[in-house]
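# Structural overview
The chain contents come next:
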Amino acid sequence: KAGVTQTPRYLIKTRGQQVTLSCSPISGHRSVSWYQQTPGQGLQFLFEYFSETQRNKGNFPGRFSGRQFSNSRSEMNVSTLELGDSALYLCASSHGQVSYEQYFGPGTRLTVT
Amino acid sequence: AQSVAQPEDQVNVAEGNPLTVKCTYSVSGNPYLFWYVQYPNRGLQFLLKYITGDNLVKGSYGFEAEFNKSQTSFHLKKPSALVSDSALYFCAVSVLTGTASKLTFGTGTRLQVTL
């Protein structure tokens, strides 16, 4: 079974621009979660989508948004990029129940200059 | 609010010796506990989880973890460390709130295994 895939793997953007990251979950998984990983803040939860609905949200500004499509693929968008948005963005998929582990993709490394 | 603490930034162990990576948690409700490992420039890989039942859970690559409810701990252990175990380890807790759950991670512990 193919794992979680994320595209692109690396991205360089300029402050003020916007960016869209993509995630394809493991086949059969209906839940997709997004995390931001930085050296200073560690792993922080952004949001979770389940069956095209945002089910949970972390403490990030409204510049961070996401969506999920009917095939469970998900995208996250960051508008008006700031230098502090430079991070590894990780996507994880699961069956969606609290007791199920999440499977992570390799991440998208975003650098904002 | 749920939280996870990993008190050690780094753990150093000689190959062949037992290793322990510590984790304590704070939740209201029944916790679901997980350990993940991250290798350089990679995503997180699932190692093991505690949901209910036996307090000692076994996972991938010879790792195990012991759930201690009274001490709210979930320490990761391995009887004999390998150099290839060197990586960043994350403990995480999930609690059901309504119909959703959210994984909260600790800050991570870097394990360094030397010959």
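From a predicted model like this one, the values you see are computed outputs, not experimental measurements.

## Description of the state of the cysteines
All told, the structure shown has two disulfides over all chains when counted by the stated rule. Disulfide pairing is shown between Cys23(A) and Cys91(A); the S-S distance is 1.7 Å. Where Cys23(A) bonds to Cys91(A) through sulfur, the torsion about that S-S bond is close to -50°, and the disulfide is left-handed. Of this pair, Cys23(A) sits in strand S3 (residues 19-24) while Cys91(A) sits in strand S9 (residues 87-94), and the two are 68 residues apart along the sequence. For the pair Cys23(A) and Cys91(A), one class covers both residues: buried. Sulfur-sulfur distance for the disulfide between Cys23(B) and Cys91(B) comes to 2.0 Å. Every disulfide takes its handedness from the sign of the S-S torsion; for Cys23(B) and Cys91(B) that torsion is -60°, giving left-handed. Here Cys23(B) is found in the loop between strand S3 (19-21) and strand S4 (24-26), whereas its partner Cys91(B) is found in strand S10 (residues 87-97), with 68 residues between them in sequence. We note that Cys23(B), like Cys91(B), is buried.

## Concerning the interface of chain A and chain B
On the side of chain B, 21 residues touch chain A, which itself brings 18 residues to the contact. For the pair chain A and chain B, the summed buried area comes to about 1700 Å², and 59% of that belongs to carbon and sulfur atoms. Our count for the contact surface shared by chain A and chain B stands at one salt bridge. Between Lys49(B) and Glu101(A) there is a salt bridge whose closest N-O contact spans 2.8 Å. Put simply, chain A and chain B have three residue pairs in polar contact (both at pLDDT 80 or more) between them. Of all elements in the fold, only strand S4 (31-38), strand S5 (42-50), strand S6 (53-57) and S9 of chain A reach the threshold of two or more residues within the side of chain A that touches chain B. The class makeup of the residues in the side of chain A that touches chain B is nine nonpolar, five polar and four charged.

## What to know about the pairing of S3(A)
Residues and elements named next belong to chain A. With three bridges joining them, strand S1 (residues 5-7) and S3 adopt antiparallel strand pairing. Paired with Thr5 across the strands is Ser24, a residue of S3. With five bridges joining them, S3 and strand S8 (residues 74-78) adopt antiparallel strand pairing. For Ser22, the partnering residue across the bridge sits in S8 and is Glu75.

Criteria and thresholds
- Residues numbered from 1 in each chain as written.
- Chains lettered and ligands numbered in written order.
- Predicted model: local features only at pLDDT ≥ 70, side-chain atom pairs only at ≥ 80, totals over all residues.
- Heavy atoms only, no water.
- Disulfide = S-S within 2.5 Å.
- Helix = DSSP H or I, 4+ residues; strand = E, 2+ residues; numbered from the N terminus.
- Buried < 20%, exposed > 50% of the residue type's maximum accessible area, 1.4 Å probe, protein only.
- Contact = heavy atoms within 4.5 Å.
- Buried area = accessible area lost by both parts, 1.4 Å probe.
- Salt bridge = Lys/Arg side-chain N within 4 Å of Asp/Glu carboxyl O.
- Polar contact = N/O pair within 3.5 Å; in protein donor to acceptor, adjacent residues only side chain to side chain.
- Nonpolar A, V, L, I, M, F, W, Y, C, P; charged D, E, K, R; others polar.
- Pairing = 2+ DSSP bridges.

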